[in-house]
Amino acid sequence: MADRKKETAVVVSQEQIATGIFSMWLRTEAATTAKPGQFISMYTNDGTKLLPRPISICEIDKANGQLRVVYRVTGENTGTEQFSKLKAGDTVPVIGPLGNGFPLEKAEGKKAFLMGGGIGVPPILELAKQLDCEKQIVVGYRDEHTFLRDQFEENGAVYISTEDGSVGTKGNVMNAIAENHLTADIIYACGPTPMLRAIKNYAEENGIECYISLEERMACGIGACLACVCKTKEKDHHTNVNNKRICKEGPVFLSTEVEI
Amino acid sequence: MNMSVNIAGVEWKNPVTVASGTFGSGAEFDEFVDLNKLGAVTTKGVANVPWTGNPTPRVAETYGGMMNAIGLQNPGIDLFCKRDIPFLKKYDTKIIVNVCGHAPEEYFAVVERLANEPIDMMEINISCPNVNAGFLAFGQDPKQVEKLTAEIKKLAKQPVIMKLTPNVTDITEIAKAAEAGGADAVSLINTLTGMKIDVNRRTFAVANKTAGVSGPAIHPIAVRMVYQVANAVNIPIIGMGGIASAEDAIEMILAGASAVAVGTANFHNPAVTMEIVDGIESYMKKFGFNSVSEMVGLVK
Ligand SMILES: Cc1cc2nc3c(=O)[nH]c(=O)nc-3n(C[C@H](O)[C@H](O)[C@H](O)COP(=O)(O)OP(=O)(O)OC[C@H]3O[C@@H](n4cnc5c(N)ncnc54)[C@H](O)[C@@H]3O)c2cc1C
Ligand SMILES: Cc1cc2nc3c(=O)[nH]c(=O)nc-3n(C[C@H](O)[C@H](O)[C@H](O)COP(=O)(O)O)c2cc1C
Ligand code: FES
């Protein structure tokens, strides 16, 4: 009861790791309980931008009470552009950790795909670090800016796709699976909706257990406003209709539960 | 010094509630807010049956505000009575249930169902499109408002607050119609209908095309409307629209509101209501007010 709050996180460091992609370490209380696949709501210090920016947790350093986020600047005069200008010692208001996270225990003894596309790549890193099973990390990028690649290589077998074919398989993550004749019995994925739709179909055709992390516009980030819903097969116990809140029941869903 | 206010015979411990739809049923904010500290909790609009709501995206950010077209998604009155009212009963705060419907019969069904529930007040959202009137909102036609209010009053066992839409030519006409129909109080303002176009995707930012604008950007409009309505009716007003600080809340009270509701600001800071309660108290101490009622409508 009233034991959580919007807190002032402190920027520990920030660097640009690819064109328009920034990596930031934050000192925040959220680090103590964070799990892979959860997100934080980041707020700007600009009073004209009221709503939170949901950003996935990319890495967790519990010992030092720090979280890493990796995010894309989406355009001029955006909140993410403001975040990209912050320097060590600056502050950023955050709430988190939020959402459910990836179910790690489901992978026990299995061969897994950890799939990330575009700005859905970052949460796959902490997942790769914490997942204890045979890991095939399949990540898709636009071009040769294959951010986080070195760290992925420390945590499993890495397969890369790029839209322009400059690195790895030309195309998307599904093309990379086909080209390398990969198979798995569990999938974890985060990325743009068309990619998740393709993965969901592939998983269902092959009877593979599959968890996907969804995105939607948010206003509260804590389950109160019903902005961020996705369609579900079954009636949800909370909403009493066929949809679930991505910020609360998600962002990670069993692929067969949701319609995307 | 006394922070309590009396709204249509119901004593709130302070003049601060939350705006419907921005606070869920209270449960979602329980981690961030001591609900016992609020004068009242106003719940998300509830209908006679579950509503699925609109397609997504349902929200967009605007300069100093936001817009939403949630489409009044709600779990229906049965689950609401079973789950959400018992939850709120655990707290020392008043319970205001916001009611929505597409047709008068739908409102009546909810109001009748609530008659024997342990709630303190009900707030009728008349910004909903009326299926029987070419989808014009009930709240845009004074005759409809008076009739609907009178019929609801016959069925209601708790005081009835009519929640007014600002999307009208003259809000005082609508407020007077609600008063004539027997409303115990009015609340205002609901969201202002707006539109936002995403120039990069060349599409509407919100799937519903139009969406309701709320937040600090609409505050001056809300203050003006509260002032006008305060000078037009003799029933208490719950003022809302862009309140994000104690100063904003006090402004609303000085304009004529007997109590205030905080909406969009909850999304920016989930604990903002507690800060507003404390801020009003400090203001009263600083300027020597002994009761909230001394401040209501003080600026003429
Ligand atoms: C659960 C979740 C995790 C995410 N993780 C990451 C991540 O790790 N890295 C990353 O770069 N991006 C991530 N995103 C997308 C990120 O939230 C948006 O890119 C960001 O909010 C855009 O904000 P802005 O200030 O750049 O844009 P603005 O145009 O200033 O944003 C205006 C409003 O729209 C919202 N918005 C705009 N685009 C999106 C979007 N794609 N999804 C949700 N809301 C949006 C913003 O939050 C803000 O409220 C995630 C989204 C979700 C839902
Ligand atoms: C996401 C959202 C959902 C809302 N849902 C409802 C609702 O269910 N019923 C209602 O009467 N008003 C609803 N409103 C309107 C608010 O209660 C309030 O009248 C309006 O937002 C103005 O106040 P604010 O600027 O403080 O948000 C909603 C507003 C928002 C932003
Ligand atoms: S963003 Fe409000 S319910 Fe998810």
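Residues numbered from 1 in each chain as written. Chains lettered and ligands numbered in written order. Predicted model: local features only at pLDDT ≥ 70, side-chain atom pairs only at ≥ 80, totals over all residues. Heavy atoms only, no water.

Residue and element names in this part refer to chain B. Of the two faces of strand 15 (residues 237-240), the one lined by Ile 237 and Gly 239 and the one lined by Ile 238 and Met 240 are each fully buried. In terms of strand pairing, strand 10 (residues 185-188) meets strand 15 through three bridges, oriented parallel. Residue Leu 188 lies in a different strand from strand 15, and its bridge partner there is Gly 239. Between strand 15 and its parallel partner strand 16 (residues 259-262), the chain crosses via helix 6 (residues 246-255), and the hand of that crossover is right-handed. (Buried < 20%, exposed > 50% of the residue type's maximum accessible area, 1.4 Å probe, protein only. Helix = DSSP H or I, 4+ residues; strand = E, 2+ residues; numbered from the N terminus. Pairing = 2+ DSSP bridges. Right-handed = clockwise from strand over helix to strand, strands pointing away.)

All names here are of chain A. Residue Pro 251 is bonded to the preceding Gly 250 through a cis peptide linkage, with omega at 10 degrees. By secondary structure assignment, the location of Pro 251 is in the loop between strand 15 (243-245) and strand 16 (252-254). At His 181, a position not held by glycine, the phi torsion is positive, near 50 degrees. Examined against the element boundaries, His 181 turns out to sit in the loop between helix 4 (173-179) and strand 12 (186-190).

Moving on, we get to the site of ligand 2. All names here are of chain B. Looking at ligand 2, there are 23 residues lining it, with Ser 20, Lys 163, Gly 215, Gly 242 and Thr 264 nearest. Within the backbone of Gly 215, a nitrogen or oxygen atom sits 2.8 Å from an oxygen atom of ligand 2. Against a free-state accessible area of 610 Å², the protein chains account for coverage of 98% of ligand 2. Its residues placed into classes, the shell around ligand 2 shows six nonpolar, 15 polar and two charged. (Near = heavy atom within 4 Å. Polar contact = N/O pair within 3.5 Å; in protein donor to acceptor, adjacent residues only side chain to side chain. Areas by Shrake-Rupley, 256 points an atom, 1.4 Å probe, with all protein chains shown as cover. Nonpolar A, V, L, I, M, F, W, Y, C, P; charged D, E, K, R; others polar.)

Residue and element names in this part refer to chain B. Judged by pairing direction, the sheet is antiparallel, and its four strands sit side by side in the order 5-6-14-11 without closing on themselves. Two strands close off the open sheet at either side, each with one partner strand: strand 5 (59-62) and strand 11 (192-195). Direction aside, neighbouring strands of the sheet carry axes that sit 40 degrees apart on average. As defined by bridge partners, strand 11 adjoins strand 14 (residues 210-214) across four bridges and the pair is classed as antiparallel. For Met 195, the partnering residue across the bridge sits in strand 14 and is Thr 210. (Axes fitted to C-alpha atoms, helices over the stretch in contact; angles between N-to-C directions.)

The next point concerns the domain arrangement of chain A. All names here are of chain A. Its domain assignment divides chain A into domain 1 (7-98) and domain 2 (104-259). With centres defined by C-alpha atoms, the gap from domain 1 to domain 2 works out at 21 Å. Between domain 1 and domain 2, the buried area comes to about 1,900 Å², and carbon and sulfur atoms account for 64% of it. Inspection of the domain 1/domain 2 interface yields one salt bridge. For Glu 59, the salt bridge identified is with Lys 129, shortest N-O distance 2.6 Å. Viewed at the interface, domain 2 and domain 1 are joined by six residue pairs in polar contact (both at pLDDT 80 or more). For the side of domain 1 that touches domain 2, the elements supplying multiple residues, two or more each, are strand 1 (7-18), strand 3 (39-42), strand 4 (53-56), strand 5 (59-61) and strand 6 (66-72). The element that contributes the greatest number of residues to the side of domain 1 that touches domain 2 is strand 6, accounting for four residues. (Domains from an automatic or database assignment. Buried area = accessible area lost by both parts, 1.4 Å probe. Salt bridge = Lys/Arg side-chain N within 4 Å of Asp/Glu carboxyl O.)

With that settled, the discussion passes to the side chain of Lys 135 of chain A. All names here are of chain A. Following the sequence through the fold, Lys 135 ends up in strand 9 (residues 134-141). For Lys 135, which is buried and forms no salt bridge, the nearest opposite charge comes from Asp 132, at a distance of 6.2 Å. Looking at Lys 135, its side chain comes within polar contact range of the main-chain oxygen of Leu 131, at 2.7 Å. Excluding its chain neighbours within four sequence positions, the residues that come into contact with Lys 135 are Ala 112, Leu 114, Ala 128, Asn 155, Gly 156 and Ala 157. (Lys, Arg positive; Asp, Glu negative; His and termini not counted. Contact = heavy atoms within 4.5 Å.)

All told, the structure shown has 10 aromatic pairs over all chains when counted by the stated rule. Where Phe 22 of chain A meets Tyr 71 of chain A, the ring centres are 6.0 Å apart and the plane angle is 20 degrees; that geometry is what we call stacked. Placement of the pair is Phe 22 of chain A in strand 2 (residues 21-27) and Tyr 71 of chain A in strand 6, with a sequence separation of 49 residues. For Phe 22 of chain A, a relative accessible area of 12% puts it in the buried group. Residue Tyr 71 of chain A is classed as buried on the basis of its relative accessible area of 1%. Ring plane angle 15 degrees and centroid distance 4.3 Å describe the contact between Phe 23 of chain B and Phe 29 of chain B, whose orientation is recorded as stacked. Each member of the pair, Phe 23 of chain B as well as Phe 29 of chain B, is classed as buried. Taken together, the aromatic side chains of Phe 22, Tyr 71 and Phe 83 of chain A make up a single cluster linked through ring pairs. (Phe/Tyr/Trp six-rings, centres within 6.5 Å; stacked < 30°, edge-to-face > 60°.)

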